[in-house]
Amino acid sequence: MNTKKEVVAMLLAGGQGSRLYALTKDMAKPAVPFGGKYRLIDFPLSNCTNSGIDTVGVLTQYQPLVLNEYIGNGEPWDLDRMNGGVHVLPPYESNSGASWYEGTANAIYQNISFIERYDPEYVVVLGGDHIYKMDYAKMVDYHKAQKADLTIAVLDVPRSEASRMGIMICDEEMRITEFEEKPAVPRSTLASMGIYVFTWSKLKKYLIENENANTGSKDFGKDIIPSMLNNGERLYAYTFEGYWKDVGTLDSLWDANMDLLAPAEQLNFYDKSWRIYSRHSNLPPQYISETAEIENSMITEGSVIGGKVDFSVIFGGVTIEEGATVQYSVVMPGTVIKAGAVVEYAIVGEDCVIGENAHVGRSPEEFAGESRSNWGIAVTGHRITVSEGKEVAPKQILSESI
Amino acid sequence: MGINQNVLGLVFASIHDEAIFDLTKNRTMGSVPFGGRYRLIDFPLSNFVNSGISQVGVITKSNYGSLLDHVGSGREWDLARKKGGLHLLPPYSHTSSTIYHGKMDALGNVWSFVEHSNADYVVLSDCNIVTNIDFRPAVEAHIAAGADITAVYAKGYYDQSRGTSATIFGIGGDGFVNDVTINPPMTGSCSLGLDMYIMSRDFLRRIVKESISRNRTSLRKDILLDRSAGYKILAYEHKNYYSKIDSLASYFQANLELLDTAKRNAIFAKNAPILTKTKDNAPVHFGLESHIKNSLIADGCIIEGKVENCVLFRGVRIGKGSVVRDSIITQAGVIGERCSIRNVITDKNVLIADERQLTGSVGYPLFIGKGAQI
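Because the structure is predicted, anything quoted here is derived from the model rather than measured. (Residues numbered from 1 in each chain as written. Chains lettered and ligands numbered in written order. Predicted model: local features only at pLDDT ≥ 70, side-chain atom pairs only at ≥ 80, totals over all residues. Heavy atoms only, no water.)

Student: Explanation requested: the overall build of chain A in the structure shown.
Tutor: The secondary structure content of chain A amounts to 9 helices and 31 strands. Structurally, chain A occupies a C-alpha span of about 65 × 50 × 40 Å along its principal axes. Residues counted as buried form 59% of the 402 residues belonging to chain A. For chain A, the computed accessible surface area is about 16,100 Å², with 47% contributed by carbon and sulfur atoms. Averaging the coordinates of the 35 positive side-chain charges in chain A and doing the same for the 54 negative ones gives two points 4 Å apart. (Helix = DSSP H or I, 4+ residues; strand = E, 2+ residues; numbered from the N terminus. Buried < 20%, exposed > 50% of the residue type's maximum accessible area, 1.4 Å probe, protein only. Areas by Shrake-Rupley, 256 points an atom, 1.4 Å probe, with all protein chains shown as cover. Lys, Arg positive; Asp, Glu negative; His and termini not counted. Charge placed at Lys NZ, Arg CZ, Asp CG, Glu CD.)

Student: Looking at this structure, how should I read the domain arrangement of chain B?
Tutor: One frequent convention defines the size of an interface as the accessible area lost when the parts assemble. Residue and element names in this part refer to chain B. Taken domain by domain, chain B consists of domain 1 (3-267) and domain 2 (285-368). Once you take the C-alpha centre of each, domain 1 and domain 2 turn out to be 32 Å apart. Across the boundary between the two partners, domain 1 contributes 20 residues, which contact 24 residues of domain 2. Between domain 1 and domain 2, the buried area comes to about 1,700 Å², and carbon and sulfur atoms account for 70% of it. Looking only at domain 1, the three residues that lose the most surface to domain 2 are Gly-36, Phe-252 and Leu-259, adding up to 37% of its buried area. The tally of links between domain 1 and domain 2 comes to 1 salt bridge. Counting the contacts that link domain 1 with domain 2 gives 3 residue pairs in polar contact (both at pLDDT 80 or more). Mapped onto the side of domain 1 that touches domain 2, the elements with two or more residues apiece are strand S2 (33-34), strand S3 (38-39) and helix H8 (248-257). In terms of residue count, the dominant contributor to the side of domain 1 that touches domain 2 is H8 (7 residues). Here the side of domain 1 that touches domain 2 is composed, by residue class, of 11 nonpolar, 4 polar and 5 charged. (Domains from an automatic or database assignment. Contact = heavy atoms within 4.5 Å. Buried area = accessible area lost by both parts, 1.4 Å probe. Salt bridge = Lys/Arg side-chain N within 4 Å of Asp/Glu carboxyl O. Polar contact = N/O pair within 3.5 Å; in protein donor to acceptor, adjacent residues only side chain to side chain. Nonpolar A, V, L, I, M, F, W, Y, C, P; charged D, E, K, R; others polar.)

Student: Please clarify how the sheet that holds strand S24 (residues 336-337) of chain A should be interpreted in this entry.
Tutor: Adjacent strands of a sheet pair through backbone hydrogen bonds, lying either parallel or antiparallel. A sheet is described by the order of its strands in space; here 11 strands give the open sequence S29(A)-S26(A)-S24(A)-S22(A)-S19(A)-S16(A)-S16(B)-S19(B)-S22(B)-S25(B)-S28(B), paired in mixed fashion. If you trace the sheet from one side to the other, it starts and ends with strand S29 (385-386) of chain A together with strand S28 (366-368) of chain B, each paired once. As defined by bridge partners, S24(A) adjoins strand S26 (residues 353-354) of chain A across 2 bridges and the pair is classed as parallel. Counterpart to A:Val336 in the pairing with S26(A) is A:Val353. Of the strands in this sheet, strand S19 (311-312), strand S22 (328-329), strand S25 (344-346) and S28 of chain B touch H8(B), which is tilted by about 90° from S25(B). (Pairing = 2+ DSSP bridges. Axes fitted to C-alpha atoms, helices over the stretch in contact; angles between N-to-C directions.)

Student: Whenever I open this one, the pattern of salt bridges confuses me. Can you help?
Tutor: Side chains that differ in charge, positive against negative, can pair when their charged atoms come close. Taken as a whole and assessed by the stated rule, the structure comprises 41 salt bridges over all chains. Counted as one network, the salt bridges with shared partners bring together B:Glu115, B:Arg201, B:Asp202 and B:Arg205.

Student: Any chance you could explain the environment of A:Thr239 here in plain terms?
Tutor: All names here are of chain A. Residue position: Thr-239 is located in strand S14 (residues 235-239). Sequence-wise, Thr-239 and Pro-284 are 45 residues apart; in three dimensions their C-alpha atoms are separated by 42 Å. Sequence-distant contacts of Thr-239, defined by excluding residues within four places in its chain, comprise Val-154 and Met-174.

Student: For this particular structure, what's the right way to read unusual backbone geometry?
Tutor: Trans is the common state for peptide bonds, and a negative phi is the common state for residues other than glycine. Residue and element names in this part refer to chain A. Positive phi, close to 45°, is recorded for Asp-119, a residue that is not glycine. Take Asp-119: it is sitting in the loop between helix H4 (112-116) and strand S8 (122-127). Phi angles above zero are rare outside glycine, and Tyr-345 is one such case at about 45°.

Student: Which parts of the structure should I look at to understand the confidence of the model for chain B?
Tutor: Interpretation of this model should avoid reading the predicted coordinates in detail wherever pLDDT is low. This prediction gives chain B a mean pLDDT of 91; 97% of its residues lie at or above 70. Reported for the predicted complex are a pTM of 0.91 and an ipTM of 0.88. (pLDDT = per-residue confidence, 0-100.)

Student: Could you clarify how one ought to interpret the side chain of B:His238 in this entry?
Tutor: Residue and element names in this part refer to chain B. For His-238, the position within the fold is in the loop between strand S12 (233-237) and strand S13 (242-244). You can call His-238 buried: its relative accessible area is 7%. Within the structure, His-238 has its side chain in polar contact with the side chain of Thr-131 (distance 2.7 Å). Once residues within four sequence positions are removed from consideration, His-238 is found in contact with Thr-131, Asn-132, Ile-133, Val-152, Tyr-153, Ala-154 and Leu-194.

Student: Help me out: how do you make sense of the sheet that holds strand S24 (residues 340-342) of chain B in this one?
Tutor: Residues and elements named next belong to chain B. The strand order S15-S18-S21-S24-S27 describes an open sheet built from 5 strands, whose pairing is parallel. Strands at the two margins of the open sheet, each flanked by one partner only, are strand S15 (291-293) and strand S27 (357-359). Pairwise comparison of adjacent strand axes, ignoring direction, gives a mean angle of 5° for this sheet.

Student: Would you mind going over the interface of chain B and chain A with me for this structure?
Tutor: Facing 39 residues of chain B, the contacting portion of chain A comprises 36 residues. Buried surface at the junction of chain B and chain A, summed over both partners, amounts to about 3,000 Å²; 49% is from carbon and sulfur atoms. At the junction of chain B with chain A, the criterion picks out 3 salt bridges. A salt bridge links B:Arg37 to A:Glu301; the shortest N-O distance between them is 3.1 Å. Linking chain B to chain A there are 27 residue pairs in polar contact (both at pLDDT 80 or more). At the level of elements, helix H9 (261-267), strand S14 (284-286), S15 and strand S16 (295-297) of chain B are the ones that each hand at least two residues to the side of chain B that touches chain A. Its residues assigned to classes, the side of chain B that touches chain A shows 16 nonpolar, 13 polar and 10 charged. Bridge count between strand S18 (residues 297-299) of chain A and S14(B): 3 bridges; the pairing is antiparallel. Bridge pairing in S14(B) links A:Ser297 to B:Phe286.

Student: Any chance you could explain the pairing of S12(B) here in plain terms?
Tutor: Moving residue by residue along a regular strand, the side chains alternate between the two faces of the sheet. All names here are of chain B. The element S12 is extensively covered by neighbouring structure, given that 4 of its 5 residues are classed as buried. Sheet topology note: the strand S8 (residues 149-159)/S12 ladder contains 5 bridges and is parallel. Of the residues in S12, the one forming a bridge with Val-152 is Tyr-236.

Student: Any chance you could explain the environment of B:Ser117 here in plain terms?
Tutor: Its place among the elements puts B:Ser117 in the loop between helix H4 (111-116) and strand S6 (121-125). What B:Ser117 contacts, discounting residues up to four positions off in sequence, is B:Leu8, B:Gln55 and B:Arg201.

Student: I'm lost on helix H5 (residues 136-145) of chain A in this one. Help?
Tutor: Each full turn of the α-helix corresponds to 3.6 residues, which orients residues three or four apart in the same direction. All names here are of chain A. Those residues of H5 that sit buried are Tyr-136, Met-139, Val-140, Tyr-142 and His-143. When H5 is viewed along its axis, its buried side chains cluster within an angular range of 155° and face the same direction. Opposite its buried face, H5 presents the exposed residues Lys-138 and Ala-145, each directed more than 90 degrees away. For H5, the capping residue at the N-terminal end is Asp-135, with a side-chain oxygen 3.0 Å from the backbone nitrogen of Ala-137. Of the residues trailing H5, Lys-147 is marked for its positive phi of about 50°. (Arc of directions from axis to C-beta.)

Student: Is there a simple way to think about empty space enclosed by the protein in this case?
Tutor: The gaps left among the atoms become clear once a water-sized probe is rolled over them. Residues and elements named next belong to chain B. For the structure shown, the criterion picks out 3 cavities of 30 Å³ or more. What the largest cavity holds in volume is close to 90 Å³. Around the largest cavity, the lining residues are Pro-33, Gly-36, Arg-37, Tyr-38, Arg-39, His-70, Lys-279, Phe-313, Arg-314, Gln-331 and Lys-348. A class-by-class count of the residues in the lining of the largest cavity yields 3 nonpolar, 3 polar and 5 charged. (1 Å grid on protein atoms, 1.4 Å probe; cavity = no way out; pocket = protein on both sides within 12 Å on 5 of 7 lines; lining within 4 Å. Points joined across faces, edges and corners; volume = space filled by probe spheres on them.)

Student: Is there a simple way to explain the packing of helix H7 (residues 200-213) of chain A against helix H8 (residues 220-230) of chain A in this structure?
Tutor: Relative orientation and spacing of two packed helices are given, respectively, by the angle between their axes and the distance between those axes. Residue and element names in this part refer to chain A. Contact pair H7 / H8: the axes reach a minimum separation of 10 Å and the direction vectors enclose 120°. Classed by the angle they form, the pair H7 and H8 counts as oblique. For the crossing formed where H7 meets H8, the hand is right-handed. Note on element contacts: H8 touches H7 through Phe-220, Asp-223, Ile-224, Ser-227 and Met-228, opposite Leu-203, Tyr-206, Leu-207 and Asn-210. Along the lines of polarity and charge, the residues of the contact of H7 with H8 split into 6 nonpolar, 2 polar and 1 charged. (Parallel < 35°, antiparallel > 145°, perpendicular 65-115°, else oblique. Left-handed = near helix turned anticlockwise from the far one by under 90°.)

Written as structure tokens, this is what we have:
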């Protein structure tokens, strides 16, 4: 028998994240490293803990090994609880058969019994691929004050970006009147952040109806939200102000890492009142050698730097040898960059070896005028070796060693 | 002997507190900050755990608040266990116990814990030696030699004029100790005791009970020096790099020696990691005008100035235009802008305002106490 919880969070972590290509070949998107010592899932999990939510279900499906090991008993996020805590919820077989999670709504539907164990009033549904700090408790308070059935967190975005996002059209009380997915001509600039607060009794009803209707998509955006709107349920938008970034693509992942180096730190990692927690590997402090040159970068424990590092985010246990250059790049844990190698405008995955005098990526300055469209960041997947003197071109995504 | 379920580790967290009194004013030797993100007790605890010892007692004396906070349940060392695990043994933890004066005294106070451990062997360690040691071969050597006591030693250098405390062993061709001296009037190379001992529980019980009845308190003076007792003391040589902390100058030196890659790699071995309490600090941010050479830097620092030959602990701030050389800045030290700092040790939470100039010397580093604002 569990104690009742007012709020239970459900974190959708089963997506493949196919637009991250080589980086999600052997791990789920929420397990992708970010910001020097984090993985994407640290942000929603830390937000839960900092918001006072101590019961979190993590729905996993695609390549869950790294993610499962990472979450473990939830202790790094203070989510190892006698009652509640973090629970990894993969698809399972029951007496009515076994099925994979077919859509976001179906994933929650298949875990109704998990949620019911805590008899919650509200369920917070979160994604695992956004970088932001947010107090979900304030959003739940807003949801209660509006007597809402569903509250959707929204961000006021530039009109140019609105046509790539799910857009909410609201009345002056912020009640949502219409919802448009990626409209060609947006009628509003309030974009959904993929963060929902549902009144559980309502959500449960709609999940069951959606399951029985068998729409084929079984998705929050395509099914649940439209049918709630059609039935005149109370849907409200909750405006979020602050740093928020979708890191679903290689470019946005690189951008979000580079944002950390901006002088006006948009996402303050050093704020002790809202820490981002992560699982540590207990490495010694980083060592910066006599030959190193470092400017405007983030570097973390276990790294040994002998080369030049400029405008880069360097993860734990990385070695950058004397004579190597890394600029405008993201280098994930355990990678070795050998002498004479150049890594620029690139993302290098975990445990890679960039051989001597190899060259990964190029500066956009080398691509003037028309050839600019040939430029983009270069990416190597995890556990890749780029042999001595080899080159990884801009825009290239390397998923096998060369 | 893979899993040492029959070995108990005991750490003396408060012995040698007087060696670096500046740093132990409000804490035990075991909770003295070291190497950027560690406390001295992390070394014996990690050495035990890496040697497969999963039951550990930590014997404290006074000022152990920061030690309790640091070791907690022992989870960071994988010692939060139902079977074995970490036990803190403060004074007065048993009805008849008192503040102790020496190791035998302290062991008498906590004997019921040792008795209940059901261990066949006990490994004792202090917190004054920074090293990475595998106790498994030492325990094997102890058993094979049929010794009463095995004393771990290393080839070292002793200079009596420094006024520091040392146990020096004379070792016979059979590997057994044939002479023990404490602080002898000599200067030169010697076999230096590392204050780590291995004994069977039965032998330890015998000498603890005898010590109580004869009012003997010191392991070194009353047991090792007592040649009349005829104890068989095996000398076990520890060949890996170590540093011994017995003064503020040696503390300073031991920290700076971690800048030597070979020494650092000897301490922070990949297969035998030094474990510590983690603090969820963000990565280090190096600013636009930062300039770093030959330094060890823990997470949570924000560096905008020049840093050379330093050990910076967690959460240190170095302001723009400041130059910090040959210094140890412990946790959360803040150095303002345009400062010049050399041969300085700052204790926790020190604040140095803009444009200050502080200089010590290599042999006598300038020490700035906890929470000072300059």
